[in-house]
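What follows is each chain in one-letter form.
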Amino acid sequence: MKKKNSNIGLTVIELLVVLSMLAVLLSFSSVFLLGVQRKGLLTNTINRLVIDIREQQLKAMVGDTGGTGFASGSGIYFSPTSYVLYPGTAYDPLSSSNYTTNLEGGLEFNPINFPGSQLHFTSNTGTVSGYIDNSDTIVLKNSNDTDQKTVKINRLGVVISIN
């Protein structure tokens, strides 16, 4: 009869090699997942911005007064780290009717190619007030990497491309 080896198990070196391989795999997967999260944040922010642009245009078209008492259009004021939805013919930073959306996760608008950093929709028609060719885009960038999206709007206030 053969004697069975009772020393079955892992050595410390084998255990350390397996654990180090697992650590390397986990670090690669976490870097990949963080990249996906950043891209998702950029896409979600662009989608929210497009919805807000359309809502402001609709408010101007239906004559929503926004608490001002008279229909005078509505618009969006852009700063590098936020945008403000406002009623009326021009952005008033002191108006209580303003609604501010702050950008998150290192996102910023750069450059802002709208005159006066404003996108204003005229009352009843919803067209872009003071539209200027080649001053009709805004770029949303992620300052943590090279990801960016450019939103282009035509004179009718329609988002015609997102690149």
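(A) Highlighting the sheet that holds strand S1 (residues 74-79). The strand order across the open sheet formed by 4 strands is S3-S2-S1-S5, and the pairing between neighbours is antiparallel. Edge positions in the sheet fall to strand S3 (99-102) and strand S5 (118-121), since each of these pairs with one other strand and no more. Each neighbouring strand pair of the sheet contributes to a mean axis angle of 15°, computed without reference to strand direction. In the sheet, strand S2 (residues 82-87) pairs with S3 via 4 bridges, with the strands oriented antiparallel. Opposite Ser82, over in S3, you have Asn102 as the bridge partner.

(B) Broad picture of the pattern of salt bridges. Scanning all chains against the criterion turns up 4 salt bridges. Across the pair Asp52 and Arg48 runs a salt bridge, and its minimum N-O distance is 2.7 Å. Here Asp52 and its partner Arg48 are both found in helix H1 (residues 12-62), 4 residues apart, which amounts to about one turn of the helix. On the basis of relative accessible area, Asp52 is assigned to the buried category, the value being 3%. Taken together, the shared-partner salt bridges in this structure form one network comprising Arg48, Asp52 and Glu55.

(C) Molecular detail of the pairing of S1. The element S1 is largely enclosed, with a buried count of 5 among its 6 residues. As paired elements, S1 and S2 share 6 bridges and run antiparallel to each other. Of the residues in S2, the one forming a bridge with Ser79 is Ser82. Bridging between S1 and S5 involves 4 bridges; their strand directions are antiparallel. In the sheet register, Ile76 faces S5, and the bridge partner there is Leu119.

(D) Representation of the packing of aromatic side chains in the model. If you walk through the whole model with that rule in mind, you get 6 aromatic pairs. On the numbers, 4.2 Å between centres and 5° between planes, the contact of Tyr77 with Tyr91 is stacked. On the criterion of sequence distance, the pair formed by Tyr77 in strand S1 and Tyr91 in the loop between S2 and S3 is long-range, its members being 14 residues apart. What makes Tyr77 partly exposed here is its relative accessible area of 24%. Both rings, one in Tyr83 and one in Phe109, keep their centres 6.1 Å apart while their planes meet at 65°; by these two values the pair is edge-to-face. Placement of the pair is Tyr83 in strand S2 and Phe109 in strand S4 (residues 107-112), with a sequence separation of 26 residues. By relative accessible area, Tyr83 is classed as buried at 1%. With relative accessibility at 3%, the residue Phe109 sits in the buried group.

The rules we used
- Residues numbered from 1 in each chain as written.
- Predicted model: local features only at pLDDT ≥ 70, side-chain atom pairs only at ≥ 80, totals over all residues.
- Heavy atoms only, no water.
- Pairing = 2+ DSSP bridges.
- Helix = DSSP H or I, 4+ residues; strand = E, 2+ residues; numbered from the N terminus.
- Axes fitted to C-alpha atoms, helices over the stretch in contact; angles between N-to-C directions.
- Salt bridge = Lys/Arg side-chain N within 4 Å of Asp/Glu carboxyl O.
- Buried < 20%, exposed > 50% of the residue type's maximum accessible area, 1.4 Å probe, protein only.
- Phe/Tyr/Trp six-rings, centres within 6.5 Å; stacked < 30°, edge-to-face > 60°.

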